[in-house]
Amino acid sequence: MQILAHSRLHSVSISLLCISLLIIPSSANNPTPARRPPRQLSVNYYAKSCPNLDQLVASVTSQQFKESPVSGPATIRLFFHDCFVEGCDASILISTKPGSRELTEKEAEDNKDLRAEGFDTVHKAKALVESKCPGAVSCSDILAIAARDFVHLAGGPYYQVRKGRWDGKFSKSTTVTNNIPRANSTVDELLNLFASKGLSLQDMVVLSGAHTIGFAHCKQFVGRLYNYKGTKRPDPEMDPRLLKALRMSCPQFGGGAGVVAPFDVTTPFLFDHAYYGNLEGKLGLLASDQGLALDPRTGPVVRLLGKDKERFFEWFAVAMEKMGSVGVKRGRRHGERRRDCTVHVS
C-alpha cells in the first residue's frame, strides 16, 4: 500500500492502495430536497456566445492534470459537493466576506479538506474563458465541464456536458452538513440522501464509483481500524492485509493528521471499474463504500459493475448528467453570472 502524507508518497509493506473522493465523516439527516431539473440545459448553449468553451476549459484541465494529477479527483469532488448542496450553482466557490459572521459553503467544517487544486482549476479556466468570452459563461458550467474533463483524462468516459446553469446567489455554511454523504453513512442514509436529489439506487452506486481516484484522511476511516462501532475491534469486513497496512500509518490516537490514503487497491490513479472488485474483496477504505457490497439492494449492482467496465462507463456518464441537473438555477431572478467565481455579483 502507498500512503500520502502531505505531498510525499510513503511506501508500506503491501502493494494495496486506497482512495476516497466526495465523502466526509459523520452521518446525514434531513437533506434538502432537490429542485426539478430544468429543460433549458443544452450541449450547444454557448454555440454563439462562446463557441470554443469546451476547448478553452480543456486547455486548462489538461495542463493542470500534467502538473498536478491530484487536480482531477479534487475537481470531481468539488463538483459533487457543489451539486449536493443547493444544486449545481457554483455556490461552493464563494469566499466569505472579510469580517462577516455568516460563513459560506466553502468554509463549512465538512468542506475544510477540499483540496485547493480543485478551486485553482476552476479559477484558471474561468480567467481564460473571461478573456475570450467576457461575461458569457457561468462558473457552474465551467466546473461541470472541468469535472468531465478530469474523468476522461484519468481514463474514464468522455460525455457531453449540457450547459446553461446560472450561478447561485446564496452560499451558507449551514446548508452543508445535512446534504453531504459521510464516510460512515449507512446504505439507508445514502439512499435517502441521493433520493432527495432525484437520484436512484443505481445512480448512487454508479456515482460512488468516482472513488476509483482520490484520497481520504485517516480520520475518515480510523474507526474501522481500531474501534468499529464501539466494539474496540477492527471492522471484520476489512481485509486483514489492508488493515495492517493502514494501521502502520494511521495510529488510533494522535499523529496521522496529515496522512491520506489513495483508495483503489489495484489501479489507484486510473479511472476504471476496479473499485467495485475491491469492494467484493473487502478492500473498501470507507465503511460507506464497503457497505454497498454487503447490502442485498446494492450488492448486485456492485458485482455487475465489477465485471463490466463498459457498462460502468455508460452508466456513469448518464448519472453525471443527471446529477449535473440537480437544483440548477435559471435567469436573473434565481441566479447570476459571476466574472469572479469567489464573489457574488453586486
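Note that the structure is a prediction, hence the values are computed from the model and not measured.

Right, let's get into the state of the cysteines. Per the stated rule, a full pass over the model turns up four disulfides. Disulfide pairing is shown between Cys-50 and Cys-133; the S-S distance is 2.1 Å. Disulfide Cys-50-Cys-133: the torsion about the S-S bond is 70°, which places it as right-handed. On the criterion of sequence distance, the pair formed by Cys-50 in the loop between strand 2 (8-11) and helix 1 (53-67) and Cys-133 in the loop between helix 3 (116-132) and helix 4 (139-153) is long-range, its members being 83 residues apart. Classification of Cys-50 by relative accessible area gives buried; the value is 1%. Take Cys-133: its relative accessible area is 9%, and that puts it in the buried class.

This part covers the UniProt feature "binding site: heme b" (unreviewed entry) in the chain. With numbering aligned to this structure, UniProt lists the feature "binding site: heme b" (unreviewed entry) at His-211. Within the fold, His-211 resides in the loop between helix 6 (201-208) and strand 4 (215-217).

Here we come to the packing of aromatic side chains. Per the counting criterion, the structure on display carries eleven aromatic pairs. Relative to Tyr-46, the ring of Tyr-45 lies with its centre 4.9 Å away and its plane at 85°, an arrangement referred to as edge-to-face. With relative accessibility at 26%, the residue Tyr-45 sits in the partly exposed group. Aromatic pair Phe-312 and Phe-313: ring centres 5.9 Å apart, planes at 55°, arrangement tilted. Phe-313 shares its class with Phe-312; the two are buried. Members of the aromatic cluster, connected to one another through ring pairs, are Phe-263, Phe-271, Tyr-275, Tyr-276, Phe-312, Phe-313 and Phe-316.

The next subject is the packing of helix 1 against helix 4. Between helix 1 and helix 4, the shortest axis-to-axis distance is 9 Å and the interhelical angle comes to 50°. In terms of their interaxial angle, helix 1 and helix 4 are classed as oblique. By crossing handedness, the relation of helix 1 to helix 4 is classed as right-handed. Between helix 1 and helix 4, the residues in contact are Leu-53, Asp-54, Val-57, Ala-58, Thr-61, Ser-62, Gln-64 and Phe-65 and Ile-142, Ile-145, Ala-146, Arg-148, Asp-149, Phe-150 and Leu-153, respectively. When its residues are assigned to classes, the contact of helix 1 with helix 4 shows nine nonpolar, three polar and three charged.

What follows concerns unusual backbone geometry. The backbone of Glu-86 sits at a positive phi, close to 65°, despite the residue not being glycine. Here Glu-86 shows up in the loop between helix 2 (71-84) and helix 3. Judged by relative accessible area, which is 25%, Glu-86 ranks as partly exposed. The phi angle at Lys-232 is positive, at roughly 60°, despite the residue not being glycine. Assignment of secondary structure puts Lys-232 in the loop between helix 7 (222-226) and helix 8 (240-249). Assessed through its relative accessible area of 71%, Lys-232 is described here as exposed.

Thresholds, definitions, all that
Residues numbered from 1 in each chain as written. Predicted model: local features only at pLDDT ≥ 70, side-chain atom pairs only at ≥ 80, totals over all residues. Heavy atoms only, no water. Disulfide = S-S within 2.5 Å. Helix = DSSP H or I, 4+ residues; strand = E, 2+ residues; numbered from the N terminus. Buried < 20%, exposed > 50% of the residue type's maximum accessible area, 1.4 Å probe, protein only. UniProt positions renumbered as here; feature names shortened; annotations may be inferred. Phe/Tyr/Trp six-rings, centres within 6.5 Å; stacked < 30°, edge-to-face > 60°. Axes fitted to C-alpha atoms, helices over the stretch in contact; angles between N-to-C directions. Parallel < 35°, antiparallel > 145°, perpendicular 65-115°, else oblique. Left-handed = near helix turned anticlockwise from the far one by under 90°. Contact = heavy atoms within 4.5 Å. Nonpolar A, V, L, I, M, F, W, Y, C, P; charged D, E, K, R; others polar.

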